[in-house]
Amino acid sequence: MKLRLAILKTKNLIGASVAAMALVFAAGLFAQSVPKGQAAAPAGPTASDTPSGPLSHDLSGVWMQYPDGDVPGVPGMNAVSNRTRPPLTPWGQAKFDAAKPLVGPRAIPGVENNPELRCYPDGPPKLLNLPNPFEIVQIPGRVLMFFELGHTWREIWTDGRPLPKNPDPSYLGYSVGHWEGDTFVVDTIGFNDKLWDDSFGNPRSDQTHLIERYRRLNHDTLELQITIDDPKAYTKPWVSPPKLHKLEPGWEIAEWFCVMDEDNAYDNAVRKPAGVAPAHK
Amino acid sequence: MISRLGQVCFLALAAALAAAAVAQTNSAAEAAKKPSAPGALSHDLSGVWMPYPDTDVPPGTGKNAINQATRPPLTPWGQAQLDAARPLLGPRAIPGQENSPSLKCDPDGPPKLLNHPNPFEIVQIPGRVFMFFEEQHIWRTVWADGRPLPKDPDPTYLGYSVSHWDGDTWVVETAGFNDKQWADPYGNPRSEEMHLAERYRRLNHDTLEQQIIIDDPKSYTKPWVSPPKLYKLEPGWEIAEWFCIPDEDKSYDDTVRKPAGVAPASK
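Here the structure is a predicted model, which means the values were calculated and not measured.

Enquirer: Now, about the overall build of chain A: what can you tell me, with residues and values included?
Expert: Tallying secondary structure elements over chain A gives four helices and 10 strands in all. When the 281 residues of chain A are sorted by exposure, 41% land in the buried category. For chain A, the share of sequence-separated contacts (at least 6 apart) that also reach a separation of at least 24 residues comes to 59%.

Spelled out as structure tokens, the structure:
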């Protein structure tokens with residue numbers, strides 16, 4: 001559904017590209033019979049993408065995730081894989097039961113309560129789990145990530161500082177990064193519990209410790225593996241399999257803000273007439 | 001208008017600035033008197049910058065990067081837009097009737113984004129300059145790779161920005177704005193025809209000068225040229241997370257602003 005929003009809300013080159021890719025994704029979903037984590041040819045990487053020798057520590061560029069079929073009808077949304085989710089704690093189960101997602105098997109048109117339907121800012125890990133591009137920029141002491149969704153940016157400190165001891169809870173959390181061999185490891189804490197972990201209503205508590213592991217397998221391919229350690233919501237760490245992203249050298253991150261009035265207008269003009277999950281305001 | 005935490009920070013900051021206004025104004029004036037040798041100003045604008053306070057619109061602090069005293073006459077279209085605007089601040093504010101787009105958490109954009117008493121950070125990389133604003137956690141791209149302004153850009157909140165160096169002045173030109181935001185917090189309009197010019201000079205290590213020129217023939221009868229405004233380098237600061245959340249804003253209205261009788265927001 002966010003993909004539909006992306007198609008109709010961004011009217012420039014990126015929007016067209018996303019739209020075009022969405023069509024490719026949609027067609028590819030039915031043709032796919034490849035193992036999870038790898039997309040069908042020709043959209044996906046091949047065996048020749050297997051890294052050999054030292055990998056680049058330059059992660060700069062606009063990256064777009066490869067499509068997958070983790071959740072039918074929803075392309076490219078399993079950087080946080082629902083198949084590997086551990087059992088919920090009672091607190092986590094209550095939060096999950098209260099969540100009425102816009103997409104997935106638990107979606108009920110008319111009662112959705114996704115935070116983003118009220119234009120809440122998105123944050124990790126859900127921000128990393130959407131079929132939209134992001135850009136990485138590396139500067140001394142910091143890595144910057146720019147997301148098309150919500151025009152959000154985040155900073156990851158790479159100047160050797162430790163995680164803060166008692167950070168104020170925030171939507172994006174506080175992130176530090178370091179290199180372990182050829183893997184860029186990002187640790188984030190200090191989240192609030194106002195957002196979900198993914199588009200399907202899985203909870204995110206203020207106890208979340210998020211770990212992202214990035215490897216540039218080759219010039220065109222970035223691997224991202226997400227681990228959610230949130231003992232308040234899940235009975236053990238949630239380890240998702242690695243997911244691949246493709247370099248898109250010609251793309252620019254477009255302006256896509258969530259605007260309440262426009263979101264309402266979009267619901268009334270497009271989503272409700274189409275009978276597809278009108279947003280609950 | 002803004003999140004509760006942000007509002008508290010804002011109020012605290014405003015109080016501090018107001019208390020320091022006289023001395024700060026003096027130090028701003030002092031800062032401006034100490035540029036490096038002409039023709040040798042730094043082209044490195046990196047850092048977190050905070051506007052010096054001023055009293056252009058009492059009791060506002062640090063809000064005259066767009067100067068009300070130099071606003072040219074409005075066109076009939078511009079006048080109609082201003083008449084429909086119900087600002088939260090300034091002499092035209094009427095408590096309970098405000099309709100500032102910011103009250104709905106609509107994204108802010110230039111030039112209003114440059115007119116707040118909040119810090120921003122500049123990061124320069126080859127071909128691009130990023131500006132990070134604490135207000136609404138907004139980032140903006142200014143291209144610096146020689147590309148021209150696009151011929152027919154889609155209207156957006158931030159517009160499309162390109163830049164070049166004119167001697168020691170970094171000149172940012174922006175077009176492609178939508179008309180959903182105001183040009184300033186006082187309801188002055190911004191149309192799709194606006195061409196915004198920003199001129200930056202790093203007068204010395206600690207001081208950044210910014211001048212804003214609004215050329216919007218649909219709203220104003222001639223270009224609106226504001227006098228230069230000064231910013232202070234704040235080396236120890238980090239841009240905080242400050243998002244505008246509609247729910248939290250309403251909650252803040254109900255618990256703080258309405259009971260206090262201060263300009264409850266019209267939702």
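Once the structure has been displayed, the description carries forward.
Enquirer: How would you sum up the nonpolar core? Please name residues and give values.
Expert: Of all hydrophobic cores here, the largest spans 74 residues; its most connected members are Trp63, Met145, Leu224 and Ile226 of chain A together with Met131 and Ile214 of chain B. When residues in this core are grouped by element, the largest group, four residues, is from strand E8 (residues 221-229) of chain A. If we skip the residues at most four places from it in the chain, Trp63 of chain A touches Pro133, Phe134, Ile136, Leu222, His245, Lys246 and Leu247 of chain A.

Enquirer: Quick rundown of the pairing of strand E8 (residues 207-215) of chain B? Include the residues and the values.
Expert: In summary, the side chains of a regular strand alternate between the two faces of the sheet. Residue and element names in this part refer to chain B. Pairing geometry for strand E7 (residues 195-204) and E8, over nine bridges, is antiparallel. If you follow Arg202 over to E8, its bridge partner there is Leu208. Here E7 folds back onto E8 in antiparallel fashion, the turn holding two residues. Relative to strand E10 (residues 229-233), E8 runs antiparallel, the two sharing four bridges. Looking across to E10, one finds that Gln210 is bridged to Lys229. Two elements, E8 and strand E9 (residues 224-225), share two bridges in a ladder whose sense is antiparallel.

Enquirer: Residue-level account of the interface of chain B and chain A, with values.
Expert: On the side of chain A, 18 residues touch chain B, which itself brings 16 residues to the contact. Among the secondary structure elements, those contributing two or more residues to the side of chain B that touches chain A are strand E2 (120-125) and helix H3 (246-260) of chain B. Class assignment for the residues of the side of chain B that touches chain A results in 10 nonpolar, one polar and five charged.

Enquirer: Residues and numbers for the environment of Val186 of chain A, please.
Expert: Residues and elements named next belong to chain A. Positionally, Val186 belongs in strand E6 (residues 183-189). Residue class for Val186 comes out buried when judged on the 22 C-beta atoms lying within 10 Å of it. When the C-alpha atoms of Val186 and Ile156 are compared, they prove to be 7.3 Å apart, with 30 residues separating the residues in sequence. Setting aside residues up to four positions removed in sequence, Val186 forms contacts with Ile156, Ser175, Gly177 and Glu212.

Reading the values: the criteria
- Residues numbered from 1 in each chain as written.
- Chains lettered and ligands numbered in written order.
- Predicted model: local features only at pLDDT ≥ 70, side-chain atom pairs only at ≥ 80, totals over all residues.
- Helix = DSSP H or I, 4+ residues; strand = E, 2+ residues; numbered from the N terminus.
- Buried ≥ 20, exposed ≤ 12 C-beta atoms within 10 Å, placed from the backbone.
- Contact = placed C-beta atoms within 7 Å.
- Core = buried A, V, L, I, M, F, W, Y, C linked by C-beta atoms within 7 Å.
- Pairing = 2+ DSSP bridges.
- Nonpolar A, V, L, I, M, F, W, Y, C, P; charged D, E, K, R; others polar.

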